[in-house]
Amino acid sequence: MRERVLQEISGESFDAVVVGAGVNGCGVARDAAMRGLRVLLLDKGDLAAGTTASSTRLIHGGLRYLEHGEVGLVRESLRERETLLRKVAPHLIRPLPLLVPVYAGRRRGRLTIRAGMLAYDLLSSSKSLPRHRMLSPSEALGHAPGLNSEGLRGAALFYDAQAEYAERLAVENALDARARGAHVLTYARVERLMVEGGAVRGVVFKDLLGGGTQEARAAVVLNAAGPWVDEVLEGSPAGGEKLIGGTKGSHVVVRAFKGAPRAAVYAEAAEDGRPFFVVPWDEKLLIGTTDERYVGDLDRVEADESEVEYLVRETNRVLPSARLTRADVLYTYSGVRPLPYVAEGREGGITRRHFIRPASVRGLFSIVGGKLTTYRALAEGAVDLIFRALGRNPPPCETADVPLPGAAVEDFEQFKHDFAARSTLPPVSTARLLKVYGARASEVLRLAQTDAELSQVISEETGSIGAEVVHAFREELAETLADCLMRRTMVGLNSELGLDALDGAARLAQKFLGWDEGRASGEVEAYRKYVERFKPPAGAPVRGGGSLT
Ligand SMILES: Cc1cc2nc3c(=O)[nH]c(=O)nc-3n(C[C@H](O)[C@H](O)[C@H](O)COP(=O)(O)OP(=O)(O)OC[C@H]3O[C@@H](n4cnc5c(N)ncnc54)[C@H](O)[C@@H]3O)c2cc1C
């Protein structure tokens, strides 16, 4: 399969090569393929393994951006939230209630928060989610019994949305792009841009699995490499100017504790006034983030000790019943926001808007910034631009109306009901397949029914089954066990980082995918090494709590 794609690439002249298969690159590839362009999507690693896997997973307008006057961004994000939630990906995105506690003596008082809420509601007037409500202290404690009651003046309750498995949003875009004729190749690192006569002619890439180097010719190159955008341009006539000024954000993941909130808590850190989230996520709690300028290795971004301490300490302040220590941190993950470069100023003040920057080289464009939430709108703008660069009028974009493959059924709620009725799997596995694959759960179930071993549970915690492993490699472009566990089956996000499913997955690959012993043990070892980056840094236990006022 991979060999065939490589061969086809060498014989093809593409309209566009998209460099980077994060949510933005995958979204562009899908839109471009839907509008009839010949497109190639390349990534040096797996789909969605970059920034897209490191976000807080909120599909949100960004209440905070209102403070920075980013009204246009908030309006666009709220519109996109609605589109994704109702039309494009209802199987992956769900409404999320958020609670903003108000404390005496803090920077953002009740009036400020209420004003923000009113503006947020106003900017999303056509939304289907409930409007905000201001709560009394006792009502707030009803929603989050563990909240610090000292100085509590009440709370605002409002709604945004969450993509628990943001990775799958990108994966489904890439799979749909491929189904519509796009070429998609992972582990293909772009080494050089080909430029002739002031115009881009394509890219030279290295096949990181097979080892060869190859050209891909195209009239347009879209650099969607996230925080790596400047690296891709380096050495070309378009290189030199710094486009990206990345800031690092880290999260910690803990088990739900006594008094854990049912709604996400959106609190102001006592130490520096930065907002941070404690979000119910994947049966656990996701806490983040930090925001610090980053100049280190983009290929290995890890939470450092001070970030973990900060997040644990601030959680204990706002939710004292958590009594978290470092030992409670199951794992951490960090990413670099691909923000536009600005020489100085507060990190939180850097715009979260995206820009599609044309280079001095004709036909070359780079994406700077962007949120998970707005990937579809960004892709629409980028594909319009590609058409214009090709000298053609862009046909209408349909991605706001055509659901992703996992939502491509008349009525998703009805589908869930029917699927549960015909599933022969344990209820936990049935629910899991629906949550991860949406309507494509039928494909996995069909595969599971071909062999008893494929319907066996491979992770007790998640209920994931053997067929998912085989499906990931055969149908969803997984190349390694890390791709399979971390970004297809999503088992890798469980409290054991998927290590509970690792040996079973390797055995299934041997039996059903023809791996030999060497490949299986090599993959197991590589996975163990891969997840090391998520282990919390060692250090002194964090003392918790303290006053909020
Ligand atoms: C801490 C944090 C929290 C966030 N929280 C949210 C949130 O809650 N909600 C929200 O909407 N947004 C959030 N974001 C923003 C959002 O995650 C990103 O803006 C988005 O994922 C960027 O996607 P991308 O496709 O542009 O980049 P990426 O996902 O980074 O993809 C770029 C890809 O390019 C590839 N690449 C790099 N170099 C090459 C090369 N030479 N050849 C081939 N491929 C290459 C990489 O391997 C990578 O896969 C957050 C970001 C961070 C860091």
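Residues numbered from 1 in each chain as written. Predicted model: local features only at pLDDT ≥ 70, side-chain atom pairs only at ≥ 80, totals over all residues. Heavy atoms only, no water.

A.B. asks: Whenever I open this one, the state of the cysteines confuses me. Can you help?
C.D. replies: Each disulfide consists of one covalent bond between the sulfur atoms belonging to two cysteines. Considering all chains together, one arrives at zero disulfides under this definition. With no disulfide partner, C397 has as its closest neighbouring cysteine sulfur the one in C26, 16 Å distant. What makes C397 buried here is its relative accessible area of 18%. Just so you know, C484 is unpaired, no disulfide at all, and the nearest cysteine sulfur is the one on C26, 17 Å from it. (Disulfide = S-S within 2.5 Å. Buried < 20%, exposed > 50% of the residue type's maximum accessible area, 1.4 Å probe, protein only.)

A.B. asks: Please explain the environment of P426 as it appears in this structure.
C.D. replies: Topologically, P426 is positioned in the loop between α11 (412-422) and α12 (427-437). You can call P426 partly exposed: its relative accessible area is 36%. Taking C-alpha positions, P426 is 32 Å from E532, a pair spaced 106 residues apart along the chain. (Helix = DSSP H or I, 4+ residues; strand = E, 2+ residues; numbered from the N terminus.)

A.B. asks: What is the right way to look at the packing of helix α14 (residues 466-475) against helix α16 (residues 499-513) in this model?
C.D. replies: Two measures define how a pair of helices packs: the angle their axes make with one another and the distance between the axes. Direction vectors running N to C along α14 and α16 enclose 60°, while the axes themselves pass 9 Å from each other. With respect to their mutual orientation, α14 and α16 come out oblique. Between α14 and α16 lies a crossing of right-handed hand. Between α14 and α16, the residues in contact are G466, V469, V470, F473 and R474 and A505, L508, F512 and L513, respectively. (Axes fitted to C-alpha atoms, helices over the stretch in contact; angles between N-to-C directions. Parallel < 35°, antiparallel > 145°, perpendicular 65-115°, else oblique. Left-handed = near helix turned anticlockwise from the far one by under 90°. Contact = heavy atoms within 4.5 Å.)

A.B. asks: Please clarify how the site of the ligand should be interpreted in this entry.
C.D. replies: Residues in close proximity to the ligand total 36 residues, the closest being D43, T51, T52, G370 and T373. For the ligand, an oxygen atom lies 2.5 Å from a polar atom in the side chain of T51. A distance of 3.5 Å separates an oxygen atom of the ligand from a polar backbone atom of R57. Secondary-structure elements contributing two or more residues to the shell around the ligand are α2 (23-34), β8 (188-196), β11 (247-255) and β16 (329-337). Among the residues forming the shell around the ligand, the class breakdown is 14 nonpolar, 16 polar and six charged. When residues of the shell around the ligand are assigned to domains, at least three map to each of domain 1 (2-51 + 167-241 + 351-389) and domain 2 (94-162 + 246-346). (Near = heavy atom within 4 Å. Polar contact = N/O pair within 3.5 Å; in protein donor to acceptor, adjacent residues only side chain to side chain. Nonpolar A, V, L, I, M, F, W, Y, C, P; charged D, E, K, R; others polar. Domains from an automatic or database assignment.)

A.B. asks: It is not clear to me how the domain arrangement of the chain should be interpreted in this structure. Could you clarify?
C.D. replies: Examined at the domain level, the chain breaks down into domain 1 (2-51 + 167-241 + 351-389), domain 2 (94-162 + 246-346) and domain 3 (409-515). Placing the centre of domain 2 and that of domain 3 at their C-alpha centroids yields a distance of 31 Å. Across the contact, eight residues belong to domain 2 and seven residues belong to domain 3. Interface area, domain 2 with domain 3, both sides summed: about 600 Å², of which 50% is carbon and sulfur. Across the contact surface, domain 2 and domain 3 share one salt bridge. Across the pair K435 and D282 runs a salt bridge, and its minimum N-O distance is 3.6 Å. One can count two residue pairs in polar contact (both at pLDDT 80 or more) joining domain 2 with domain 3. When grouped by side-chain class, the residues that make up the side of domain 2 that touches domain 3 number three nonpolar, no polar and five charged. (Buried area = accessible area lost by both parts, 1.4 Å probe. Salt bridge = Lys/Arg side-chain N within 4 Å of Asp/Glu carboxyl O.)

A.B. asks: Is there a simple way to explain helix α5 (residues 110-123) in this structure?
C.D. replies: Each α-helix turn comprises 3.6 residues. Residues three or four places apart therefore point the same way. In this model, α5 (14 residues) spans 20 Å end to end at C-alpha, consistent with the 20 Å of a helix rising 1.5 Å per residue. Along α5, the positions that sit buried rather than exposed are I113, G116, M117, Y120, D121 and L123. Along α5, the residues classed as buried sweep out an arc of 165° about the axis, all on the same side. Turned more than 90 degrees away from the buried face of α5, the exposed residues are L111 and L122. Packing partners of the buried residues in α5 comprise α3 (63-67), α4 (71-88), β4 (93-103) and β6 (152-163). (Expected span 1.5 Å × (residues − 1). Arc of directions from axis to C-beta.)

A.B. asks: Is there a simple way to explain unusual backbone geometry in this structure?
C.D. replies: Keep in mind that most residues, glycine aside, have a negative phi and that most peptide bonds are trans. The linkage connecting G288 with the following residue, T289, adopts the cis geometry, with an omega of 5°. Residue placement: T289 occurs in the loop between β14 (284-288) and β15 (292-293). Of note, the phi angle at Y187 is positive, near 50°, even though the residue is not glycine. Mapped onto the secondary structure, Y187 falls in the loop between β7 (183-185) and β8.

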